[in-house]
Amino acid sequence: MSEEFAHRPFDELGGLLKGKMALRRQKEPKKVAKAAVETVAPEMTDEELFREAMLNVKEIKEFTQIPYSRGKLKPPPCKDDDDDYGDKECLDTLRAIRDGKRPIDIRKTQEYIEWNNPAHRNVFTLHLHEGRYSVQDFLDLHGSTLAEAELIITDFIKESVRKSHRCVKIIHGRGLRSPNGPVLKNAITGWLSGRMRKYVMAFATAPQYDGGLGALYILLKKG
């Protein structure tokens, strides 16, 4: 058969298929060969695991100090029954003292002190505490040590007797800041009722308006 009259419609089909196959190979991703032996990650300690988990954790500074306010203590409610009248009266008294509407009777406190020389039983320490004797001189011991106070008080009492003073005042403070209690106050009462009792008839805590629990009235013998 002559080539001039030969009909070959699929001659170009083979080249077209080869071109498409080559294009497809170019678009496909290359496969990476797997390693023959897979690597195993080493085990992590608890501390390492915690640090890894906390990598993206941020501190909230607003929560480092949380403000708070203390609530006020409220007294228990009082009933209106007759049996609870005493409790209600007690609470009313405490409120009045708190508000400054009622004075405190310092004679009923544990800090109040009084002493009467047995040789002078006719002296009423209550009168001394109430200020019925005129104070003629006073001594302030703030800032004095115990050893200094003993010398100062001895000289003060002797000089007051020499001047014929009947009532004097010693300011000793309450000793509230002392971890062992009122050291100076206790020492003074011991001196006055002990080796210095030959000069002293009586002593008592001063009234509230003149030093109160931080001062002492002393009634002296006649010189």
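Residues numbered from 1 in each chain as written. Predicted model: local features only at pLDDT ≥ 70, side-chain atom pairs only at ≥ 80, totals over all residues. Heavy atoms only, no water.

Named according to an unreviewed UniProt entry, the protein chain is Smr/MutS family protein originating from Candidatus Magnetobacterium casense.

### Structural notes on the overall build of the protein chain
Heads up, the rule is: The helix count covers DSSP runs of H or I at least four residues long, the strand count covers runs of E at least two residues long, and both are numbered beginning at the N terminus. Exposure is judged per residue with a 1.4 Å probe applied to protein chains only, and the accessible area is read against the type maximum: over 50% gives exposed, under 20% gives buried, and values in between give partly exposed. Throughout, a residue-residue contact means that at least one pair of heavy atoms, one from each residue, lies within 4.5 Å.
Broken down by element type, the protein chain carries 6 helices and 5 strands. Taken from the N to the C terminus, the helices and strands of the protein chain come in the order α-α-α-β-α-β-α-β-α-β-β. Here the protein chain holds 223 residues, and 24% of them are scored as buried. Here the contacts in the protein chain between residues at least 6 apart in sequence split such that 65% fall between residues at least 24 apart.

### Structural notes on the packing of aromatic side chains
Put simply, the rule reads: The rule is short: rings of Phe, Tyr and Trp, with Trp giving its six-membered ring, pair when the centres are within 6.5 Å, and they are stacked under 30 degrees, edge-to-face over 60, tilted in between. Consider the ring centre and the ring normal. A charge sits over the ring if Lys NZ or Arg CZ is within 6 Å of that centre and within 35 degrees of that normal.
Within the structure shown, the criterion is met by 1 aromatic pair. Between the aromatic rings of Trp115 and Phe203, the centroid separation amounts to 5.4 Å while the plane-to-plane angle is 20°, which identifies the pairing as stacked. You can see Trp115 sitting in strand E1 (residues 114-116) and its partner Phe203 sitting in strand E4 (residues 200-205), a full 88 residues away along the chain. You can call Phe203 buried: its relative accessible area is 3%. The lysine or arginine in question, Lys169, covers the ring of Phe138, its NZ or CZ lying 5.9 Å from the ring centre.

### Thoughts on the side chain of Thr189
With respect to the helices and strands, Thr189 occurs in helix H6 (residues 183-193). Thr189 has contacts with Ile113 and Phe203, leaving out every residue within four places of it along the chain.

### A short note on the packing of helix H5 (residues 146-162) against H6
Between two packed helices, the angle of one axis relative to the other and the distance separating the axes together describe the packing. Note the following rule: To obtain each axis, a line is fitted to C-alpha atoms, and for helices this fit is confined to the stretch in contact; angles are then taken between N-to-C directions over 0 to 180 degrees. Should an angle lie under 35 degrees it is considered roughly parallel, over 145 roughly antiparallel, and from 65 to 115 roughly perpendicular; all remaining angles are considered oblique. Here is the rule for handedness: rotate from the far helix to the near one, and if that takes an anticlockwise turn smaller than a right angle the crossing is left-handed, while a clockwise turn gives right-handed.
Between H5 and H6, the least distance of the axes is 11 Å, while the angle of their chain directions is 40°. It follows from the interaxial angle that H5 and H6 lie oblique. You can see that H5 and H6 cross each other, and the crossing is right-handed. Between H5, through Leu146, Ala149, Glu150, Ile153 and Ile157, and H6, the contact on the second element is made entirely by Val183, Leu184, Ala187, Ile188, Trp191 and Leu192.

### A look at the nonpolar core
Nonpolar side chains tend to gather and get buried jointly when the protein is soluble and globular. This is how it is decided: For this analysis, a nonpolar core means a set of buried residues of the types Ala, Val, Leu, Ile, Met, Phe, Trp, Tyr and Cys, connected via side-chain atoms within 4.5 Å.
Residues Ile153, Ile157, Ile188, Leu192 and Ile218 are the most contacted members of the largest nonpolar core, which totals 22 residues. Elements supplying a minimum of two residues to this core: H5, strand E3 (167-171), H6, E4 and strand E5 (215-220). For Leu192, the residues in contact, after removing those within four places along its chain, are Trp115, Ile157, Arg197, Val200, Phe203, Leu216 and Ile218. Ranked by size, the runner-up nonpolar core spans 14 residues in total, among them Ile106, Ala202, Leu213 and Leu219.

### Describing the environment of Leu213
Mapped onto the fold, Leu213 is located in the loop between E4 and E5. Along the primary structure Leu213 and Lys185 are separated by 28 residues, whereas in three dimensions their C-alpha atoms are 9.8 Å apart. The residues contacting Leu213, other than those within four sequence positions of it, are Ile106, Thr109, Glu111, Tyr112, His172, Gly173, Arg174, Lys185 and Thr205.

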